[in-house]
Amino acid sequence: MLPKLPRDNLLELCRRMFVIRHFEESLVPLHDKGVFGGHYHLYIGQEATGVPAISCLRSDDYLFTTHRNHGHLLARGAEPKRLLAEILGRADGLNKGKGGSFHSVAPTLGFLHSSGVVAGIIPLSTGTAYASKALKNGRLTVCLFGDGSLEEGAAPEAFNLASLNKLPVLFLCENNGKYGAGRAVAAGQSSSMAAYPLTDLPKAYKIPAQLIDGIDAGLVHATVSEAVEKIRRGEGPQFIEAQTVRWPGSETNWPSVPHPTDSSLAWDVSGVQEKAREWYRSCDPLLVFARELVEANQATKDDLASMERQVKTEIAAAVEFAVASPYPKPEEAERNFFA
Amino acid sequence: MRELAYYEAKFEALDEIMAADQRVHLINGTFLSLSPHRHVFQNLAKKYGDRMMSPPISELGFCGLATGAAMAGLRPIVDLSTGSFIYEAWPQVANEAANAYSMSGGQTRVPVVFHLFHGLRGGGAAQHSGSPQAMLWNCPGLEIAIPSSPRDVKGLLKTAVASDNPTIFVDHVRLLDLRGEVPENDKPIPFGVADIKRAGSDVTLIATSHTVQVCLKAAEKLAKEGIEVEVVDPRTLVPFDLATILSSVEKTRRVVIADETHQSCGVAAEIAARIAETGFDKLKTRIRRVSTLDVPVPYSPPLEAHIGPSESRIIDAVRASVA
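What counts and how
Residues numbered from 1 in each chain as written. Chains lettered and ligands numbered in written order. Predicted model: local features only at pLDDT ≥ 70, side-chain atom pairs only at ≥ 80, totals over all residues. Heavy atoms only, no water. Helix = DSSP H or I, 4+ residues; strand = E, 2+ residues; numbered from the N terminus. Rg over C-alpha atoms; globule rule 2.2 N^0.38 Å. Buried < 20%, exposed > 50% of the residue type's maximum accessible area, 1.4 Å probe, protein only. Contact = heavy atoms within 4.5 Å. Lys, Arg positive; Asp, Glu negative; His and termini not counted. Charge placed at Lys NZ, Arg CZ, Asp CG, Glu CD. Domains from an automatic or database assignment. Buried area = accessible area lost by both parts, 1.4 Å probe. Salt bridge = Lys/Arg side-chain N within 4 Å of Asp/Glu carboxyl O. Polar contact = N/O pair within 3.5 Å; in protein donor to acceptor, adjacent residues only side chain to side chain. Nonpolar A, V, L, I, M, F, W, Y, C, P; charged D, E, K, R; others polar. Pairing = 2+ DSSP bridges. Axes fitted to C-alpha atoms, helices over the stretch in contact; angles between N-to-C directions. Phe/Tyr/Trp six-rings, centres within 6.5 Å; stacked < 30°, edge-to-face > 60°. Lys NZ or Arg CZ within 6 Å of the ring centre and 35° of its normal. Parallel < 35°, antiparallel > 145°, perpendicular 65-115°, else oblique. Left-handed = near helix turned anticlockwise from the far one by under 90°. Core = buried A, V, L, I, M, F, W, Y, C linked by side-chain atoms within 4.5 Å.

1. Observations regarding the overall build of chain A
Alright, step 1. Helices and strands together make up the secondary structure of chain A, namely 11 helices and six strands.
Alright, step 2. For chain A, the C-alpha radius of gyration of 19 Å lies close to 20 Å, the compact-globule estimate for 339 residues.
Alright, step 3. Taken along the three principal axes of its C-alpha coordinates, chain A extends 55 × 50 × 40 Å.
Alright, step 4. In chain A, which comprises 339 residues, the share counted as buried stands at 57%.
Alright, step 5. Within chain A, contacts between residues at least 6 apart in sequence are counted, and of these 73% link residues at least 24 apart.
Alright, step 6. When the 35 positive and 39 negative side-chain charges of chain A are each reduced to one mean point, those points stand 4 Å apart.

Structure follows, in structure tokens:
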């Protein structure tokens, strides 16, 4: 379902989902051509979780994210060209090339630190929440992590700290392995986590936890809005698990795009290779959202096609900017690691 | 001049720091380990209880909490108590706190202090006698302060809390009752400034933490044999004041380094390497190390005493260097 929001807001959510999708798809050929070398993780398939969830926040709230951070930063309004420059290790990158894909941050948007250690941010998020409570500034922290993060001991330690101290933090677990196609391919989810369903873990620490469909933008928006309200009222931490179905392009070690996204796929997936067709037909949150907008008469197919064209132009310009951006000077490696 | 016990100077610093800056919060512990002086912490708790947190036994969790709180504008001081417990928090200290500033391209500051008691304490055995400062020195992005006197603990603690970088504050329980001069209204001691604890012309004896005090006693005994030892205390490992050490070496031309970290890749090893690289031509004899032997710390008292940088081992090394 669509979030209960005015039309302009709905279209903006849609635009940001397009930005994420086309940004992420643009990375694959850049990597394959050797324009950047490091490993990278794409947010494709999770757009309807991050975009509506992040739209529920105040501009001064804190967010923590992991190695799969591109979508979160873009959902919050980070400039695609500077994020892309960071991923390419360039001087114009968000972190001046010192962080890369895993560690992109944007402190002005509330992203202070992105960790490539899957549960690294969970204790940190209790810290910003502790500071907000001490400073009485009403700022909330959202901690965005994947299901694998719960396997590290940092997660339960942080849940205990957050619950005991009623800290203003939302733990938003994005489980992109709805059918167990995550880390343990072709195995059940419980193959790597004895606490299953995953919400059992926060519940053991008396943190209210719920499981939702992360493909349903309306449900994500309603659930996150309600959780955020409770946290702002001083009720302590909340946990949401949003389930999505893993994008077939990330089934291999290095991402590959099974079919370039185009909003027309929302109504016709016959051109998609058979192996990936079902995902694009029923599990692609962006295409679900596009269909819902048209069905609810909030946009026409032409509106969406025109919006997508503009986004593609913006991403093409971002690629041009990032590729043209210079590398940092080698001596910079020896500088600026102390404040 | 006014004289204070080490623990009194340390708590005078904590009191002044907390009074001056509302952003300072104390996370975990009493900053006294198992010392009997609990009343001083209680006095502090009465005044600043609303800025103290007593977390569960979750070193990884609360070191992360303190690091995150520092990112968001507080200045937390975390007491890990026994130094070896920082191993439980390694991912947050070495992989998050140490890297955040660099990784963010200089945008995210992490003004957190991790306080710990390192070293041989008498019966601590292998899991409560660790000296993790050598491993942490191998982790760029952390400042490391290591006081050896009442005046230094006060002045260095103030600088540690004022620093915008994550700082490891390495303390030693065997220093807590040491008495020494601490001037009223003393200034904070800047990082990266070594202190000549005793002047001498024959051998440069470099030491840190409690071993500085052992070296001072050894120096008095050696003076009776006519060997004048210069005891140099770097006071901070990061930043490191090599210049003061080299000028002492220029004078004495002999170096002994005494330190409680294990010998391999230890603090003495790194200091020896730096002197050898930049001051080899000044040396008249080889550099000698008196470190903790490379074995897990044994419990039994004579065994523990055997492996540490004892006065007798230090004296032997100094004698050998002038022989």
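2. A closer look at the domain arrangement of chain B
All names here are of chain B.
Alright, step 1. On domain assignment, one finds that chain B holds domain 1 (3–181) and domain 2 (195–322).
Alright, step 2. Using C-alpha coordinates to define each centre, domain 1 is positioned 25 Å away from domain 2.
Alright, step 3. Counting from both sides, the interface comprises 28 residues of domain 1 and, opposite them, 28 residues of domain 2.
Alright, step 4. Both sides together, the interface formed by domain 1 and domain 2 hides about 2,300 Å², and carbon and sulfur atoms give 64% of it.
Alright, step 5. The largest per-residue losses of area from domain 1 upon contact with domain 2 belong to Leu120, Trp137 and Ile146, which jointly make up 33% of the total buried on that side.
Alright, step 6. Linking domain 1 to domain 2 there are three salt bridges.
Alright, step 7. When the shortest N-O distance is used, the salt bridge between Arg174 and Glu304 registers 3.7 Å.
Alright, step 8. Where domain 1 packs against domain 2, one counts 13 residue pairs in polar contact (both at pLDDT 80 or more).
Alright, step 9. Elements with a contribution of two residues or more to the side of domain 1 that touches domain 2: α5 (133–137), β6 (143–145) and α6 (150–162).
Alright, step 10. Tallied by class, the residues present in the side of domain 1 that touches domain 2 amount to 13 nonpolar, 11 polar and four charged.

3. Things to note about the sheet that holds strand β10 (residues 203–207) of chain B
All names here are of chain B.
Alright, step 1. Strands sit in the order β9-β11-β10-β13-β14 across an open sheet of five strands; the sheet is mixed. Only two strands of the sheet have a single neighbouring strand rather than two, namely β9 (195–198) and β14 (288–292). The average undirected angle you get between the axes of adjacent strands in this sheet is 25°.
Alright, step 2. For β10 and strand β11 (residues 229–233), the ladder comprises four bridges, and the chain directions are parallel. Within β11, the residue paired with Val203 across the bridge is Val229.

4. Topic: the pairing of strand β1 (residues 62–65) of chain A
Residue and element names in this part refer to chain A.
Alright, step 1. Of the two faces of β1, the one holding Tyr62 and Phe64 and the one holding Leu63 and Thr65 are both buried throughout.
Alright, step 2. The pairing of β1 with strand β3 (residues 141–146) spans three bridges and is parallel. Bridge pairing in β3 places Phe64 opposite Cys143.
Alright, step 3. Pairing geometry for β1 and strand β2 (residues 111–114), over two bridges, is parallel. Among the inter-strand pairings, Leu63 is bridged to a residue of β2, identified as Phe111.

5. Here we look at the sheet that holds strand β2 (residues 24–27) of chain B
Residue and element names in this part refer to chain B.
Alright, step 1. Spatially, the seven strands line up as an open sheet ordered β3-β2-β4-β5-β7-β6-β12, and their pairing is mixed. Single-partner strands in this sheet number two, and they are β3 (52–53) and β12 (236–238).
Alright, step 2. Of the pairings in the sheet, the one linking β6 to strand β7 (residues 167–171) comprises three bridges and is parallel in character. Each bridged residue has a counterpart across the sheet, and for Glu143 the counterpart in β7 is Thr167.

6. Remarks on the packing of aromatic side chains
Alright, step 1. Taken as a whole, this structure holds 11 aromatic pairs over all chains when the rule is applied.
Alright, step 2. Between the aromatic rings of Tyr87 of chain B and Trp90 of chain B, the centroid separation amounts to 5.4 Å while the plane-to-plane angle is 55°, which identifies the pairing as tilted.
Alright, step 3. Of the residues examined, Tyr87 of chain B reaches a relative accessible area of 34% and is grouped as partly exposed.
Alright, step 4. Clustering of aromatic rings is evident, with ring pairs tying together Phe145, Phe159, Phe171 and Phe239 of chain A.
Alright, step 5. We note Lys81 of chain A situated over the ring of Phe321 of chain A; from NZ or CZ to the ring centre the distance is 4.7 Å.
Alright, step 6. Geometry around Tyr327 of chain A places Arg90 of chain A over its ring, the cationic atom sitting 4.1 Å from the centre.

7. Brief notes about the packing of helix α8 (residues 242–252) of chain B against helix α9 (residues 267–279) of chain B
Residue and element names in this part refer to chain B.
Alright, step 1. Two elements in contact, α8 and α9, have axes whose closest approach is 11 Å; the angle formed by their N-to-C orientations is 65°. In this view, α8 runs roughly perpendicular relative to α9, as classed from their interaxial angle. In terms of crossing hand, the pair formed by α8 and α9 is right-handed. In contact with Leu242, Ile245 and Leu246 of α8, α9 contributes Arg274, Ile275, Thr278 and Gly279.

8. Some thoughts on the interface of chain A and chain B
Alright, step 1. Taken residue by residue, the interface counts 37 residues in chain A and 37 residues in chain B.
Alright, step 2. Across the chain A/chain B interface, buried area totals approximately 3,000 Å², and carbon plus sulfur atoms make up 67% of it.
Alright, step 3. Contact with chain B buries area across many residues of chain A, yet Tyr130, Phe338 and Ala339 of chain A alone supply 22% of it, more than any other trio.
Alright, step 4. If you look at where chain A meets chain B, you find zero salt bridges.
Alright, step 5. At the boundary of chain A with chain B, the tally comes to 13 residue pairs in polar contact (both at pLDDT 80 or more).
Alright, step 6. Every element with two or more residues in the side of chain A that touches chain B is listed here: β1, β2, α5 (121–135) and α6 (154–164) of chain A.

9. Re the nonpolar core
Alright, step 1. Ranked by size, the top nonpolar core spans 82 residues in total, and within it Ile122, Phe145, Leu150, Phe159 and Phe171 of chain A together with Ile168 and Ile275 of chain B carry the most contacts.
Alright, step 2. With eight residues, helix α3 (residues 59–71) of chain B is the largest single contributor of residues to this core.
Alright, step 3. Built from parts of two domains, this core gets at least three residues from each of domain 1 (3–181) and domain 2 (195–322) of chain B.
Alright, step 4. Each residue touching Leu150 of chain A, except ones within four places of it in the same chain, is listed here: Phe145, Ala155, Pro156, Phe159, Cys173, Met193, Leu198, Leu201 and Phe239 of chain A.

10. Digging into the environment of Trp247 of chain A
Residues and elements named next belong to chain A.
Alright, step 1. The residue Trp247 is located in the loop between β6 (238–243) and α9 (274–283) in this model.
Alright, step 2. Note: C-alpha distance between Trp247 and Glu174 (73 residues apart in sequence) is 13 Å.
Alright, step 3. Residues within four places of Trp247 in sequence aside, it is in contact with Leu42, Ile44, Pro255, Ser256, Val257, Pro258, Trp279 and Tyr280.
Alright, step 4. One polar contact links Trp247 to Tyr280, side chain to side chain, over a distance of 3.1 Å.

11. Digging into the packing of helix α2 (residues 47–54) of chain A against helix α8 (residues 217–232) of chain A
Residue and element names in this part refer to chain A.
Alright, step 1. Relative orientation of the contacting elements α2 and α8 amounts to 40°, with a least axis distance of 8 Å. Like other packed secondary-structure pairs, α2 and α8 cross with a definite hand, here right-handed. On α8, the residues that touch Ala48, Thr49, Pro52 and Ala53 of α2 are Ala217, Val220, His221 and Val224.

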